[in-house]
Amino acid sequence: MTTVPNSTQGAAGRELWRDASAPADDRVRDLMSRMSVPEKIAQLSGIWVGADPTDGEVAPQHESAPELAPWPDLIRHGVGQMTRLYGTAPVDPVAEAHVVAATQRQITATGPGIPAIVHEECLTGLAAWQAPVYPAPLSWGASFDPDLVRRMAVQIGSTMRRLGIHQGLAPVLDVTRDLRWGRTEETISEDPYLVSVIGAAYVTGLESTGVVATLKHFAGYSASRAGRNLAPVSIGPRELADVVLPPFEAALRAGVRSVMNSYTDLDGVPSAADASLLTERLRGTYGFTGTVVSDYFAIPFLETWHRTAGSRPEGAAQALAAGIDVELPNADCYGTPLLEAVESGLVDLALIDRAVERVLVQKCRLGLLDADWSPQPPILSESETATEAESETQPGGTTGSPLDDASTRALAAELARRSIVLLRNEAAALPLAAGARLAVVGPRADVADAMFGCYSFPRHVGLRHPEVPLGIEVETVLDALRRDPAGYEVTFAEGCTVTGGDAQTIAEAAETAREADVCVAVLGDTAGLFGTGTSGEGCDVTHLRLPGLQGDLLDALLATGTPVVLVLLIGRPYELSRYADRLAGVICAFFPGEEGGGAITDVLAGRAEPAGRLPVSFPAEGANQPSTYLAAALGRQNVLSPMVNQTALFPFGHGLSYNPAVWTRVESTGSGIWPTDGTYRVAVTLRNTGTTATSEVVQIYLHDLVAEVARPVQLLIAAPRVDLTPGTTRTLLVDLYADQTSYTGLAGRRIVDPGDVELWVGTSSTDIRTTLPVRLTGPRREVGFDRRLQPEVSIVEGEGPT
């Protein structure tokens, strides 16, 4: 480590940078004055070497990564981040916590003595063996319950803190634009408002535990051409500003401390090299002060895919100048190539210092620079139980998970139940009658990890280790129905696999269905990565028909005359027009997590009220014409384009109930006048006249009659949920801000425009109960990042104020 003659001393004579009582900026300035250029550069990248880098077996964890130097050489100048020590292989988490401690001790014994940030994936829970698997993000959107998602994120962050993990690579805030995109399952919704409120709730929860949340993927990734992973994005600045960016703005205001770039190019400029996006907008307009980390291998892609760089030093120079502070997962460009770029004059040392300062300030605020910082993860000192688990629990063992306790499972079950959507219920086919003879059919009925998305550990890593058990208890739909207290008589036939099968297996399944009172067909996706599944990263599709022969299986089941209830375990909506009118019922679950089997059975049996609402539309016929409800008039079905039907089969916001709430009143209290700088109140009174609890999502859409530019016909601006116990009446009061009507006008600035609008209030984007005409009055206003993004909501008992 390079020292300076007049080093600064802090309290008790220690170096200032180790003094927790000193201001962070002063501490970082002192530390940087002591560091050599190689030591600074070492803080700007991660190392991905597997579960135990200290055992002498050091190898890169991706086929495209270059060979790594020996471990002592890798850490000689220090380390910025350690990549996925828990999430690379199925390792016992308590034993791995000892590895984390040993790794940190080795790192702090070299170079400037700075601990590494340990980061992991955490989209559906911490992606580690034995960690709980929560519902996938589309389920978060289907819950329409930000507080429940916040609570989930608190539990995820608490687990990560116990293991000595500092940063989580979540949430994904990409707004769904093309349902064929494989990563649709990782998105929250096709609506920017819903993504904003749910995404910000996740950020609030994770950050409240001290774990750094990381927004993905900034920006435009989900709008890739033809729904292909990493394809170019060709949207205009207005779509970027009004659809893509609002969720990131909401999450930034929720206090997020890290942002990850998108892989794609936006109008020809790769996000990893886009200073207008990562510096001018993110830091200038939005005022972000945290770190920008690269998506895995995004900086080498500047040379190999985007071809904007002719070498790795050039790629490093482009990314650093654009505003990427940390390269993940390895130092492919921010190592020797970056040092070469500095020595050749291609990179100014000021850019190195800019990034290092951001990284060290974050480490300072995480407590990593404090003199009393300990490398030991808290789980190692929790109790003797942890010690016993360390010695007894190994991959292949049967001891219960130290991370997945009753509280995590209860929350996973609550979110799963809240997110299940009842799409169709013909002649009250559901709930199922107690004691009914059920034929359970389908490739997803008896598979535990059918409940999991592609970023869950079993589907992300476990696929490469088939000899290792899941590490957590998971009940299939078939198992749950067999043990259900309703006493069903259950038979089973697979019928086909997700992507295979033949006419004989389908015919055998149909015979099983023919002898039952009801057939429960459990169909859907298998999540995977880069072609190993029908949904997930790199699992894009060219059409939205059910995968494989599952459509043929469903046809055969319907032909038996036995009522068929379809249960979908999916990562994207599919085109079901060919079957919908013949199905007795349809239930949809978007990879509902480890408690999904029981949650689905609770809904089928009627013990749980179906409470989910669709965060994405289900397309009607024309499965190769993906679209979302966010369309201007010309984007919807019209007489000038009669051959292409863009009407949804099941629309955004749709969801049925066994005991629907009674809407008794919808009114406004502003006499139809809404100041362009003020609020407008909508009151909705709901009553539960049934004998069981129910829940309603009151959806308020903005319809702008005349604007400077073509706007979506409707746009969600409020969607509060109201729970009602039997016999109760509650009134929802929603105070909408005029800022919520803003859009990007002709001049490229966001404006609140005076004029006539309508508020459509209903239970879905098509089931509108009341239309409230409103006139925005006053001057046209420009609004920016500090505008009001969400309404104020309150709930009062009874009829409420008039």
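Look up: the structure comes first, before these words.
Residues numbered from 1 in each chain as written. Predicted model: local features only at pLDDT ≥ 70, side-chain atom pairs only at ≥ 80, totals over all residues. Heavy atoms only, no water.

### Description of the packing of aromatic side chains
What counts here: Ring pairs are drawn from Phe, Tyr and Trp, using the six-membered ring of Trp, whenever the two centres fall within 6.5 Å, and their geometry is named by plane angle: stacked under 30 degrees, edge-to-face over 60, tilted for the rest. Secondary structure elements follow DSSP: runs of H or I no shorter than four residues count as helices, runs of E no shorter than two count as strands, and numbering proceeds from the N terminus. Classification of residues uses two cut-offs on accessible area relative to the type maximum, computed with a 1.4 Å probe and protein chains only: under 20% is buried, over 50% is exposed, and between them is partly exposed. Working rule: Lys NZ or Arg CZ, within 6 Å of ring centre, within 35 degrees of ring normal, means a charge sits over the ring.
Applying the stated criterion across every chain, the model contains 14 aromatic pairs. Their ring planes at 80 degrees and their centres at 5.0 Å tell us that Trp 181 and Tyr 221 sit as a pair that is edge-to-face. With Trp 181 in the loop between β4 (167–169) and α7 (192–208) and Tyr 221 in the loop between β5 (212–218) and α8 (237–244), the pair connects residues that are 40 residues apart, well separated along the chain. Each member of the pair Trp 181 and Tyr 221 is classed as buried. Ring pairs connect the aromatic residues Trp 181, Tyr 221, Tyr 263, Phe 301 and Trp 305, which therefore count as one cluster. For the cation-ring pair, Arg 253 lies above Phe 785, with the distance from its terminal atom to the ring centre recorded as 5.9 Å. Lying over the aromatic face of Tyr 737, Arg 788 brings its terminal NZ or CZ to 4.0 Å of the ring centre.

### Considering unusual backbone geometry
A cis amide bond, omega -5 degrees, links Lys 216 with the succeeding residue His 217. For His 217, the location among the structural elements is in strand β5. Note that the residue after Phe 218, namely Ala 219, is joined by a cis bond; omega there is 0 degrees. Here Ala 219 lies in the loop between β5 and α8. Positioned with a positive phi, Ala 226 is a non-glycine residue whose angle comes to about 65 degrees. Considering the arrangement of structural elements, one finds Ala 226 in the loop between β5 and α8. Its identity as a non-glycine residue notwithstanding, Phe 297 has a phi of 70 degrees, on the positive side. Position of Phe 297 relative to the elements: it lies in the loop between β9 (291–293) and α11 (298–304).

### Observations regarding the pattern of salt bridges
Spelled out, the test is: In what follows, salt bridge is the name for a side-chain nitrogen of Lys or Arg lying within 4 Å of a carboxyl oxygen of Asp or Glu.
Counted under the stated rule, the structure contains 49 salt bridges. Linking Lys 216 and Glu 121 is a salt bridge whose minimum nitrogen-to-oxygen distance equals 3.2 Å. Separated by 95 residues along the polypeptide, Lys 216 in strand β5 and Glu 121 in strand β3 (residues 117–121) bring together distant segments of the chain. We classify Lys 216 as buried; its relative accessible area is 3%. A relative accessible area of 4% places Glu 121 in the buried class. Of the charged contacts, one joins Glu 696 and Arg 613 as a salt bridge, the two residues approaching to 3.2 Å between their closest N and O atoms. One end of the pair, Glu 696, is in strand β21 (residues 694–697); the other, Arg 613, is in the loop between α22 (596–605) and β16 (618–619), with 83 residues separating them in the sequence. Each member of the pair Glu 696 and Arg 613 is classed as buried.

### Focus on the nonpolar core
One recurring pattern in soluble globular proteins: nonpolar side chains tend to sit buried together. Selection criterion: Residues belong to one nonpolar core when they are buried, are Ala, Val, Leu, Ile, Met, Phe, Trp, Tyr or Cys, and are joined through side-chain atoms within 4.5 Å.
Ranked by size, the top nonpolar core spans 137 residues in total, and within it Met 82, Tyr 202, Phe 218 and Tyr 334 carry the most contacts. The biggest single contributor to this core is α7, with 8 residues.

### Concerning the pairing of strand β10 (residues 421–425)
Our working rule: By the convention used here, strands pair only if DSSP detects at least 2 bridges between them.
In terms of burial, β10 is largely enclosed, as 4 of its 5 residues are buried. Sheet topology places β10 next to strand β15 (residues 585–589); 4 bridges connect them, and they run antiparallel. Bridge pairing links Asn 425 to Gly 585 in β15.

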